[in-house]
Amino acid sequence: MKEADPGPPTRELYALLHVSPEASDEEIRKAYRQWAQVYHPDKYQAPQMKDIATENFQRICEAYEILTDEHKRQIYDIYGMEGLTSGLELGPKLNKVDEIKQEFERLQRRKQQEKVLAHVRPSGTILANLSLPQFLDGDGIMTGMAMSSEVQSQISKRNAISIGGNLAVTGNSGGGAATAVFRHQTSSVSSIEFMASAGLRALIGVQTSRHLSRHSTATIGLAMSLKDGSINLSNAWTRQLSETSNGNIQLTFGLESSVSVGWQKKDEKVSAAGELKFGTSSFGASAHYTRRLSSKSHGRIAGRVGSTALEIEVGGGRKISDFSTVRMLYSIGIQGVSWRLELHRGGQKLIIPILVSNNLNAMFATGAFAIPTSLYFLLKTFILKPYYLRRENQKALENSEKTSAQVQEARAAADKAQQLLENVATRKRNKQLEKGGLVITKAVYGNRRAFKRRDETKVLSDEIASQVMDVTLPLNFLVNDSGHLKLHEGVRKSGIMGFCDPCPGEPKQLHVEYTNRGERYEVVVDDYEELVIPQEAHRI
């Protein structure tokens, strides 16, 4: 099961000192001195103010200590505070990013070994082939069915076993097979697998893999059929081409010898792959492209061409829960027009291909695509979207109730930090007013959806107010003497001194209204987006 995407690094230490993630040591030291002038406890006599100053001064000192230590800063930039508390800072002196990554991953694996041991991961697929032409002829709607299941278990630190089986029925014939695979990690860079299968494809085999370098892996396999004694030899090489893509070459020698060349790419937005395969009795090429349209939906296009196939497929899917995704695909090719419905739940899949027509009639093919597509958009607009909106609102309410104590504590800390900024911020604001410079008249930070609802209703309700906070004062404090303000890209704004996160887990925005040389300006930026003001493009 894929873990939830943690999102970009928060970079809160950079926000706290108000420096760029690319800041030099001198820039960090300069920022530290400026903040120390505001928050040093010796500047305050009142016990309450001294306590507030002490608390915030400690935060500034911690940020300064980490960001001026080259070793700690590299770890923080890659893994955040988790990296610094995982034990990396106690290990050997690591100077390269790759070394830090390897050491961190080693420590993480060591921490998770107990959880991994004896962990069972089941997976399975049910495939039901349906045919409308056959149903209209009175021969029933189902043409075949297949089921497969596999259970993987880590039985020790180096050993794992998987047991699986499959059954398939087409018309009046069918068959099945049972498979067992034992995997042993011989070293940190190599492994060996022993496999045996009984049933329709009875065989025994062995396969070994080895990392030839940090970017290359080679695999060699040998399998023998228990029915006719034939030998099958395979050899594959995989090479990482970039951070998000890799290529592979595979050679197979046996009853059906072939050579194939493939390429895969996967990042946050796009997943794509292509393959060319040439065999002794067939050849073919295939490719697919999947693009993430939003956090919950994606679109897909795929194609296959060769001696046995000519087909193009389009469609998409949507995540309906944390563990479930539905997908609908439309395909047209030499075998006719068909739909395919899929439900993915954890490691389980239900796939239902539906043959709509054996013929490639242009009008029928267009209708088979247009009618379901139209029905989907109607269903989405009038049923699904309202339902998901209600569910998101309910989840937001539950999350708000769950994090209310945390938010109250964070708001109190932000209010305290603003108290010590107030005198300097007011002085800076008055100075800018005198010379007609940059003055922040209103700044609000919080839930992106709360801003949208506020714009729609034109009313700041209690619910909306609880998910946003006023940050006018700290932004006026950050305006420099030349009348400019810059918030750095890639740094979450909740870490800025005097800010806090009023809605954990929700997407956030910063809304700023300001004046400069007698003109009014307004701008809205996302949580990690850079903000540079004043700008003519912001003029109202």
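Student: Mind laying out the overall build of the protein, listing which residues take part and the relevant values?
Tutor: For the protein, the count of helices and strands is 11 helices and 23 strands. The burial tally for the protein puts 33% of its 540 residues in the buried class. For the protein, the share of sequence-separated contacts (at least 6 apart) that also reach a separation of at least 24 residues comes to 41%.

Student: Account for unusual backbone geometry, with residues named and values stated.
Tutor: Residue P534 is bonded to the preceding I533 through a cis peptide linkage, with omega at 5°. Tracing the backbone through its elements, the reader meets P534 in the segment after β23 (531–533). Within the chain, R517 stands out as a residue other than glycine whose phi angle is a positive 55°.

Student: So what's going on with the pairing of strand β11 (residues 270–279)? Which residues, and what values?
Tutor: Relative to β11, strand β10 (residues 258–266) runs antiparallel, the two sharing 9 bridges. Considered in β11, the bridge of K265 is made with A272. Between β10 and β11, which pair antiparallel in sequence order, lie 3 residues. Where β11 meets strand β12 (residues 283–292), 9 bridges bridge the pair, whose relative direction is antiparallel. Among the inter-strand pairings, K277 is bridged to a residue of β12, identified as G284.

Student: Which residues make up the confidence of the model for the protein, and what are the values?
Tutor: The predicted coordinates of low-pLDDT regions are not to be read in fine detail. Of the residues in the protein, 90% reach a pLDDT of 70 or more, and the chain-wide mean stands at 87. Residue range residues 1–7 is modelled with pLDDT below 50. Its contacts to residues more than four positions away, or to other chains, number 1 contact. Counting interchain partners and residues more than four positions distant, the pLDDT-below-50 stretch residues 89–95 has 14 contacts.

Student: Tell me what's going on with the environment of K265, and back it up with residues and numbers.
Tutor: As for its placement among the helices and strands, K265 is situated in strand β10. For K265, a relative accessible area of 25% gives the class partly exposed. Considered as a pair, K265 and T244 are 21 residues apart in the sequence and their alpha carbons are 5.5 Å apart. K265 has contacts with T244, S245, V270, S271 and A272, leaving out every residue within four places of it along the chain. A distance of 3.1 Å separates the side chain of K265 from the side chain of T244, its partner in a polar contact.

Student: A description of the pattern of salt bridges should follow, citing residues and the corresponding values.
Tutor: Scanning the model with the defined rule gives 19 salt bridges in all. As a salt-bridge pair, E26 and R33 come within 3.5 Å of each other at their nearest N and O atoms. One salt bridge connects D501 with K508, and the closest N-O pair in it is separated by 3.3 Å. This pair shows no difference in class: D501 is buried, exactly as K508 is.

Student: Before we move on, could you go through the side chain of S234 and cite the residues and values that matter?
Tutor: Locating S234 in the fold gives a position in strand β8 (residues 231–240). Other than its neighbours up to four places away in sequence, S234 contacts T219, I220, G221, L251 and T252.

Student: Let's hear about the pairing of strand β21 (residues 508–516): which residues, and what values?
Tutor: Burial analysis of β21 places 7 of its 9 residues in the buried class, which makes it a mostly covered element. Here strand β18 (residues 439–447) pairs with β21 via 8 bridges, running antiparallel. In the strand pairing of β21, V439 is matched with T515. Of the strand pairs in this sheet, β21 and strand β22 (residues 519–526) are connected by 8 bridges, and their pairing is antiparallel. By the bridge assignment for β22, N516 is matched with E519.

Criteria and thresholds
Residues numbered from 1 in each chain as written. Predicted model: local features only at pLDDT ≥ 70, side-chain atom pairs only at ≥ 80, totals over all residues. Heavy atoms only, no water. Helix = DSSP H or I, 4+ residues; strand = E, 2+ residues; numbered from the N terminus. Buried < 20%, exposed > 50% of the residue type's maximum accessible area, 1.4 Å probe, protein only. Contact = heavy atoms within 4.5 Å. Pairing = 2+ DSSP bridges. pLDDT = per-residue confidence, 0-100. Polar contact = N/O pair within 3.5 Å; in protein donor to acceptor, adjacent residues only side chain to side chain. Salt bridge = Lys/Arg side-chain N within 4 Å of Asp/Glu carboxyl O.

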